[in-house]
2 protein chains.
Amino acid sequence: MTRAAEPVPTDAERCAEPGPAHDSDDLIELLFFAYRDFVGDPDRILAEYGFGRAHHRVLHFVDRYPGLTIAELLDILRITKQSLNRVLKDLIDQGYVEQRTGTSDRRQRLLFCTPTGRSLTADLTRVQVRRVARAIEEPAAEAGRSDRAARIASAQGFLLAMIEPGDRAAVRRLMARRAGARA
Amino acid sequence: MTRAAEPVPTDAERCAEPGPAHDSDDLIELLFFAYRDFVGDPDRILAEYGFGRAHHRVLHFVDRYPGLTIAELLDILRITKQSLNRVLKDLIDQGYVEQRTGTSDRRQRLLFCTPTGRSLTADLTRVQVRRVARAIEEPAAEAGRSDRAARIASAQGFLLAMIEPGDRAAVRRLMARRAGARA
DNA sequence: CCAGATAAGTCAGTGTTGTTGACATATCTC
DNA sequence: GAGATATGTCAACAACACTGACTTATCTGG
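Residues numbered from 1 in each chain as written. Chains lettered and ligands numbered in written order. Predicted model: local features only at pLDDT ≥ 70, side-chain atom pairs only at ≥ 80, totals over all residues. Heavy atoms only, no water.

Enquirer: In this structure, what is going on with the overall build of chain A? I would like to understand it.
Expert: When helices and strands are counted, chain A shows 7 helices and 2 strands. Put simply, chain A runs from its N terminus to its C terminus through helices and strands in the order α-α-α-α-β-β-α-α-α. A fraction of 59% describes how many contacts in chain A between residues 6 or more apart in sequence connect residues 24 or more apart. Working note: accessible area of chain A is about 9,400 Å², and carbon and sulfur atoms make up 52% of it. (Helix = DSSP H or I, 4+ residues; strand = E, 2+ residues; numbered from the N terminus. Contact = heavy atoms within 4.5 Å. Areas by Shrake-Rupley, 256 points an atom, 1.4 Å probe, with all protein chains shown as cover.)

See below:
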């Protein structure tokens, strides 16, 4: 596996294969695992309400940025109006989100969470904050020599710490399987 | 972007912990944006082949860990056998992945990428490596005072740098909207 | 060697979340 | 008033996940 083009190739590490390409490969994989567990937590809560991830995303952004417009939300989520409308309709009909006509532009519908919506969002945020906070508290692997090595160690440390603790050993073991082939 | 953590939350619910709640909130949001753009790159390539993200995940892990069994893959992806089988069948039928009967245990089907599969995976990996490598090259906000602050800055810096460059300003602007209400 | 466990494959049905394309309505701007 | 814009809605469809049930091949322990 040849090294991918780098923005700033450092001369010193030309020959050494355990270069940035492999570090990036590891980060790609860790990002998958981290995100998998990151969305897994709230999914369990959402299921009790008959909601899914799409509902969660809307709740999150409307809660955090009260008065968001439909257009802004569409730009954030990068989904179509129809996809948004389906879940938004659920949330409005069931009293988690409410719309108010814009004051300066009466075509706009400003979105707000109701107290119920804020409460549910808080529950969802809680479990995610717990995971992220724990990942931050985790001491990074070690502050490496160069800033670059430190950044890699830091990002890997954060993502690994985002993984469900009980699964980390399995992930380490899996990734070690490949590490042997390149050292 | 790395706002000073204000350890004086006015919200009723959040106060017990030493202040990382808001930093975690930001990280939660950045993780959403980072992942959104992270999977966006390969999605465009996959569409040309009539494949989706599920195919990508299988290709990635089979390419990286040749000889993976079905059971191992199921444990990694955390999906059901049926979901895996649907995409795996596509990949096998179209010659991207092949199965070999296990030697020690003939019930197992060991998975390998064909040269074609390795080639496609390399294309997919390339665009993701590019993004991750760029995110790593990006100098972190600054090495903070405490290790903890440094870890936060580092994680935020990495995730922000994972976002499509042209969209970073919009994300900063959006998140600044909330920051104002906090500080 | 056989019974039961295990690895994998498959069928049928369902739900969430995304897509496209077309069209309707209210409102703003020039 | 004309045209752009913000939103809402209908219908159809695809990707990807789920459950539950069942089959086949193979391994393992008594």
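After that view, the rundown keeps rolling.
Enquirer: Would you take a moment to explain the protein's contact with DNA strand C for this structure?
Expert: Around DNA strand C there are 25 residues in total, and R57, S83 and R86 of chain A together with K81 and R107 of chain B lie nearest to it. Sugar and phosphate atoms constitute 56% of the interface atoms of DNA strand C, taking the interface as everything within 4 Å of the protein. Contributions of two or more residues to the surface near DNA strand C are made by α2 (53–64) and α4 (81–93) of chain A together with α3 (70–77) and α4 (81–93) of chain B. (Near = heavy atom within 4 Å.)

Enquirer: I keep staring at the packing of aromatic side chains and nothing clicks. Help me out?
Expert: For any pair of aromatic rings, geometry is given as the distance between the ring centres together with the angle between the planes. Within this structure, the stated rule accounts for 17 aromatic pairs over all chains. Ring geometry for F51 of chain B and Y96 of chain B: centres 5.3 Å apart, planes at 80°, overall edge-to-face. Note that F51 of chain B is positioned in the loop between α1 (20–49) and α2 (53–64) and Y96 of chain B in the loop between α4 and β2 (97–101), a separation of 45 residues in sequence. For the pair F51 of chain B and Y96 of chain B, a shared accessibility class is recorded, and that class is buried. Members of the aromatic cluster, connected to one another through ring pairs, are F32 and F33 of chain A together with F61 and Y65 of chain B. Its guanidinium or amino end placed over the ring of F112 of chain A, R100 of chain A lies 3.7 Å from that ring's centre, counting from NZ or CZ. (Phe/Tyr/Trp six-rings, centres within 6.5 Å; stacked < 30°, edge-to-face > 60°. Buried < 20%, exposed > 50% of the residue type's maximum accessible area, 1.4 Å probe, protein only. Lys NZ or Arg CZ within 6 Å of the ring centre and 35° of its normal.)

Enquirer: Explanation requested: the sheet that holds β2 of chain B in the structure shown.
Expert: Consider a sheet: its strands pair through backbone hydrogen bonds, and that pairing is either parallel or antiparallel. Residues and elements named next belong to chain B. The strand order β1-β3-β2 describes an open sheet built from 3 strands, whose pairing is antiparallel. Looking along the sheet, the strands with just one partner apiece sit at the ends: β1 (68–69) and β2. Pairing analysis gives 2 bridges linking β1 to strand β3 (residues 109–113), with the strands arranged antiparallel. Residue pairing for β3: T69 is matched across the bridge by L110. Helix-sheet contacts for α4 involve β2 and β3, and the interaxial angle to β2 is about 100°. (Pairing = 2+ DSSP bridges. Axes fitted to C-alpha atoms, helices over the stretch in contact; angles between N-to-C directions.)

Enquirer: Help me understand the protein's contact with DNA strand D, please; the structure alone is not making it clear to me.
Expert: By nearness alone, 24 residues border DNA strand D, and K81 and R107 of chain A together with R57, T80 and Q82 of chain B come closest of all. What you see for DNA strand D is that sugar and phosphate hold 58% of its atoms within 4 Å of the protein. For DNA strand D, a sugar or linking oxygen lies 3.5 Å from a polar atom in the side chain of R107 of chain B. Elements represented by at least two residues in the surface near DNA strand D include exactly α3 (70–77) and α4 of chain A together with α2 and α4 of chain B. No other element matches α2 of chain B, which puts 4 residues into the surface near DNA strand D. (Polar contact = N/O pair within 3.5 Å; in protein donor to acceptor, adjacent residues only side chain to side chain.)

Enquirer: Could you clarify how one ought to interpret the packing of helix α5 (residues 115–137) of chain A against helix α6 (residues 147–162) of chain A in this entry?
Expert: In a packed pair of helices, the relevant descriptors are the angle between the two axes and the axis-to-axis distance. Residues and elements named next belong to chain A. Running from amino to carboxyl end, α5 crosses α6 at an angle of 140°, the nearest separation of the two axes being 8 Å. In terms of axis orientation, α5 runs oblique to α6. Both α5 and α6 take part in a crossing whose hand is right-handed. Every residue of α6 that contacts α5 at R131, V132, R134, A135 and I136 is listed here: F158, A161 and M162. Tallied by class, the residues present in the contact of α5 with α6 amount to 6 nonpolar, no polar and 2 charged. (Parallel < 35°, antiparallel > 145°, perpendicular 65-115°, else oblique. Left-handed = near helix turned anticlockwise from the far one by under 90°. Nonpolar A, V, L, I, M, F, W, Y, C, P; charged D, E, K, R; others polar.)

Enquirer: What should I look at first to understand the environment of L27 of chain B in this one?
Expert: Residue and element names in this part refer to chain B. Tracing the backbone through its elements, the reader meets L27 in helix α1. For L27, a relative accessible area of 1% puts it in the buried group. Placed 129 residues apart in sequence, L27 and Q156 show a C-alpha to C-alpha distance of 6.2 Å.

Enquirer: Could you clarify how one ought to interpret the relation of the copies chain B and chain A in this entry?
Expert: Copy one and copy two of the chain differ by a rotation about an axis and a translation along that axis. Superposing chain B onto chain A requires a rotation of 180° together with a translation of 0.0 Å along the rotation axis, leaving an RMSD of 0.1 Å. Both copies are brought into coincidence by an operation consistent with a two-fold rotation axis. When the interface residues of chain B are mapped onto chain A, 94% of them are again interface residues, pointing to one common binding face. (Least-squares fit on C-alpha atoms with pLDDT ≥ 70 in both.)

Enquirer: Would you mind showing me how to read the interface of chain B and chain A here?
Expert: As a measure of interface size, the accessible area lost when the parts come together is often cited. Residue-level contacts link 51 residues of chain B with 53 residues of chain A. Here chain B and chain A share 19 residue pairs in polar contact (both at pLDDT 80 or more) between them. Going through the elements one at a time, α1, α2, α3, α5 (115–137), α6 (147–162) and α7 (165–182) of chain B are the ones with two or more residues in the side of chain B that touches chain A. In terms of residue count, the dominant contributor to the side of chain B that touches chain A is α1 of chain B (15 residues). In the side of chain B that touches chain A, the residues fall into 27 nonpolar, 5 polar and 19 charged.

Enquirer: How do you make sense of α6 of chain B when you look at a structure like this?
Expert: Given 3.6 residues to a turn, an α-helix orients residues that are three or four positions apart in the same direction. Residues and elements named next belong to chain B. Between its terminal C-alpha atoms α6 stretches 22 Å, which fits the 22 Å expected from 16 residues at 1.5 Å a residue. Most of α6 is tucked away, with 12 of its 16 residues classed as buried. All buried positions along α6 are accounted for by R151, I152, A153, S154, A155, Q156, G157, F158, L159, L160, A161 and M162. (Expected span 1.5 Å × (residues − 1).)

Enquirer: Looking at this structure, I do not really get the environment of D63 of chain A. What am I missing?
Expert: Residue and element names in this part refer to chain A. Relative to the assigned elements, D63 resides in helix α2. A residue is classified by how much of its surface remains accessible, and D63, at 26% relative accessible area, is partly exposed. Separated by 34 residues in the primary sequence, D63 and V97 have C-alpha atoms spaced 8.9 Å apart. The residues contacting D63, other than those within four sequence positions of it, are C113, R118 and T121.

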